[in-house]
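Listed here are the chains, written in short residue letters.
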Amino acid sequence: MEKKYITVSALNRYLKYFFDNDKNLQNILLKAEISNFKRHSRGHLYFTLKDDSSQIPAVMFQSNAVSLDFEPKDGSKVVVEGYVSVYEPIGNYQVYVRKMYESGIGDLYQAYENLKKKLSEAGMFDESHKRPLPQYPKNIGVITSPTGAAVRDIIHIVNRRYPLARIIVYPTLVQGDEAKYSIVRMIEKANKDLLSDVLIVGRGGGSIEDLWAFNEEIVAKAIYESKIPVISAVGHETDFTIADFVSDRRAPTPSGAAEIVVPDQNTLLMQISGYTRNMAVSWQKYIQVKTDMLNTLRRSPVILNGERLLEKPELKLASAYDRLLQKRPDRILDSYREKTNNLKTRISLVLENLRLALETRVENDIDRLELVNPLSLMKKGYAMARKNGTIVKTVSLLEKGDNIELQMSDGIVGCTVDKIGKD
Amino acid sequence: METKMTFETALSKLEEIVRELEKGDLPLDKSLEKYQEGMRLAKFCHEEIQNAENVIVKLMKDDKLEDFEEPKE
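Residues numbered from 1 in each chain as written. Chains lettered and ligands numbered in written order. Predicted model: local features only at pLDDT ≥ 70, side-chain atom pairs only at ≥ 80, totals over all residues.

Enquirer: I'd like a rundown of the overall build of chain A, residues and numbers included.
Expert: Along chain A, the regular secondary structure elements total 14 helices and 14 strands. Of all 423 residues assigned to chain A, the portion counted as buried reaches 22%. For chain A, the share of sequence-separated contacts (at least 6 apart) that also reach a separation of at least 24 residues comes to 62%. (Helix = DSSP H or I, 4+ residues; strand = E, 2+ residues; numbered from the N terminus. Buried ≥ 20, exposed ≤ 12 C-beta atoms within 10 Å, placed from the backbone. Contact = placed C-beta atoms within 7 Å.)

Enquirer: Residue-level account of the overall build of chain B, with values.
Expert: Broken down by element type, chain B carries two helices and two strands. Along chain B, helices (α) and strands (β) appear in the sequence α-α-β-β when read from the amino end. Counting only residues that meet the buried cut, chain B has 23% of its 73 residues in that class.

Enquirer: Explain the packing of helix α10 (residues 265-298) of chain A against helix α1 (residues 7-23) of chain B to me, and be specific about the residues and the numbers.
Expert: For any two helices packed against each other, the geometry comes down to the angle between their axes and how far apart the axes lie. Look at α10(A) against α1(B): their axes get within 9 Å of each other, and the N-to-C directions meet at 25°. Taken together, α10(A) and α1(B) sit at an angle that is classed as roughly parallel. In terms of crossing hand, the pair formed by α10(A) and α1(B) is left-handed. On the side of α10(A), the interface is formed by Tyr275(A), Asn278(A), Met279(A), Ser282(A) and Trp283(A), while α1(B) contributes Leu14(B), Val18(B), Leu21(B) and Glu22(B). For the contact of α10(A) with α1(B), the class distribution of residues is six nonpolar, two polar and one charged. (Axes fitted to C-alpha atoms, helices over the stretch in contact; angles between N-to-C directions. Parallel < 35°, antiparallel > 145°, perpendicular 65-115°, else oblique. Left-handed = near helix turned anticlockwise from the far one by under 90°. Nonpolar A, V, L, I, M, F, W, Y, C, P; charged D, E, K, R; others polar.)

Enquirer: How would you sum up the pairing of strand β3 (residues 55-60) of chain A? Please name residues and give values.
Expert: The side chains of a regular strand alternate, first on one face of the sheet and then on the other. Residues and elements named next belong to chain A. Where strand β2 (residues 45-50) lies against β3, six bridges are found, and the strand directions are antiparallel. Bridging from a neighbouring strand, Tyr46 pairs with Val59 of β3. Hairpin connection between β2 and β3: a loop of four residues separates the two successive antiparallel strands. In the sheet, β3 pairs with strand β5 (residues 92-102) via two bridges, with the strands oriented parallel. Note that in β5 the partner of Val59 across the bridge is Tyr96. (Pairing = 2+ DSSP bridges.)

Enquirer: Help me get a handle on the interface of chain B and chain A, residues and values and all.
Expert: On the side of chain A, 36 residues touch chain B, which itself brings 34 residues to the contact. Those elements that provide at least two residues to the side of chain B that touches chain A are α1, α2 (28-51) and β1 (56-61) of chain B. Here the side of chain B that touches chain A is built from residues that sort into 21 nonpolar, six polar and seven charged. Here strand β7 (residues 166-171) of chain A pairs with β1(B) via four bridges, running parallel. Bridge pairing in β1(B) links Val169(A) to Leu59(B).

Enquirer: Please give an account of unusual backbone geometry that cites residues and values.
Expert: Residues and elements named next belong to chain B. Notably, Asp62 is not glycine yet its phi reads approximately 45°, a positive angle. In this fold, Asp62 is placed in the loop between β1 and β2 (64-67). The backbone phi angle of Asp63 is positive, close to 70°, even though this residue is not glycine. Overall, Asp63 belongs to the exposed group, with 8 C-beta atoms counted inside 10 Å.

Enquirer: Describe the pairing of strand β4 (residues 77-87) of chain A, with residues and values.
Expert: Residue and element names in this part refer to chain A. Looking at chain direction, strand β1 (residues 28-39) and β4 are connected through six bridges and run antiparallel. Bridge assignment links Ile28 to a residue of β4, and that residue is Gly82. Strand direction decides the pairing type here: β4 and β5, joined by 10 bridges, are antiparallel. Bridging across to β5, Gly82 finds its partner in Val97.

Enquirer: Give a detailed account of the sheet that holds β5(A), specifying residues and quantitative values.
Expert: Read once around its circumference, the closed barrel built from five strands follows the order β1-β2-β3-β5-β4 (chain A), with strand pairing classed as mixed. When the angles between neighbouring strand axes are averaged without regard to direction, this sheet yields 50°.

Enquirer: Run through the packing of helix α6 (residues 179-193) of chain A against helix α7 (residues 217-225) of chain A, naming residues and quoting values.
Expert: Residues and elements named next belong to chain A. Orientation of α6 relative to α7, taken along the N-to-C sense of each, is 10°, at an axis distance of 9 Å. Classified by the angle between their axes, α6 and α7 sit roughly parallel to one another. Residue-level contacts link Lys180, Ile183, Val184, Ile187 and Glu188 of α6 to Ile218, Val219, Ala222 and Ile223 of α7. Taken together, the residues of the contact of α6 with α7 sort by class into seven nonpolar, no polar and two charged.

Enquirer: Can you explain the nonpolar core? Please cite residues and give values.
Expert: Counting residues in each nonpolar core, the largest one holds 50 residues, and the members touching the most others are Val142(A), Ile143(A), Val158(A), Ile167(A) and Ile200(A). If one sorts the elements of this core by residue count, α6(A) sits on top with six residues. Ignoring anything within four residues of it in the chain, the contact list for Val158(A) reads Ile140(A), Ala165(A), Ile167(A), Ala258(A), Val262(A) and Val55(B). Listed in part, the 16 residues of the second largest apolar core include Ile272(A), Tyr275(A), Trp283(A) and Tyr35(B). (Core = buried A, V, L, I, M, F, W, Y, C linked by C-beta atoms within 7 Å.)

So, in structure tokens, the structure goes:
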């Protein structure tokens, strides 16, 4: 019977595949003590993680080790976050450490992870709960320390970008045991006085303990329940707090929050001149379309040569007259002649009226188009009268004592009607 | 006359008018009115930005707004 052999490499590759596909091993949080600590010349850290009865090798690569905020050594009690995988060349499994904290802080980190999981499962981080920020906030509530660098940074940047805004500082403690209550009180206060269109909640950088208030459940709840949209702005770019997950928008830093919260005035100015240009173009296009319509109307036969319309009915009359003449019943003829003459006059009258009506309409349209550029007309001394914002086209719309506005080329005059005469 | 409008409402009104004029389906009177109003709003917004001085900063202290004194570096 033939046996099937596999190579050692294949076995280790298979084992690695096994480890790497186990979800439980891909994100672990481990509490342990460090031993056999070695720092490689390239900056990678190699050590053993152990407890009273067991141990496992661990590696922390230089790219992760640079962000350590303490000096690990043998005997350090730590909490590490990372994953477990197989190192194929020697067939051992080990912990690949992404982040490592000292034990006391490690406990904080664990509390952070637990709370994050709890609130996430409760749906408090859901995108669907996040509200859009106002585009042009008038009042910006800033909940932070009134003496820190954060408030100064925010004021300076808002001032540079959008000086139209007003900032209301809600002073709070931002570290220490009382900070969480202080922050919650101010979020609630801002939601009660409703002076702000948007809130920035945060502080400048610091250690994980310094930032801790922003990882407290009551702070998260207050942000979640705020009716006013909240931008979180805690610490540095790399700091993620619970407040960041629950807020409507996370800013990497307090300065970043100021950049997010208001538009830039230079961009706005450009936008506004763009609007002016668009309106002018739309207007010109509109006038062009109307002018073309008018020209078509002007070229129509009725306007060019109204008399021609009369030709056909006149011919008809003539032939009817001829036919009557052929029958020669003289007396009837006379009455018919009278009738046809009558008819002829009436038709002429109708046609004349029609022509007049059409001409008047065209003239009206021309008048209206002249209005297109009211300013140039007004410069000649014409004025446009408005009553309650509506253009007054006839005196019959006015009564003695009415207030009207006269739009002239360089301004508006308010007038009171004291005499009305009809032309 | 209308009461003093804010930059925010003026700008959103302006944006609306630009959209309406671009469609080009209003009657002449209305169009002219919108065009003039749009130009007036654009001028207003422009001036609001140009004339804006420093951002106003207040401190909420004991339910009252006070002038805020900026912390020194």
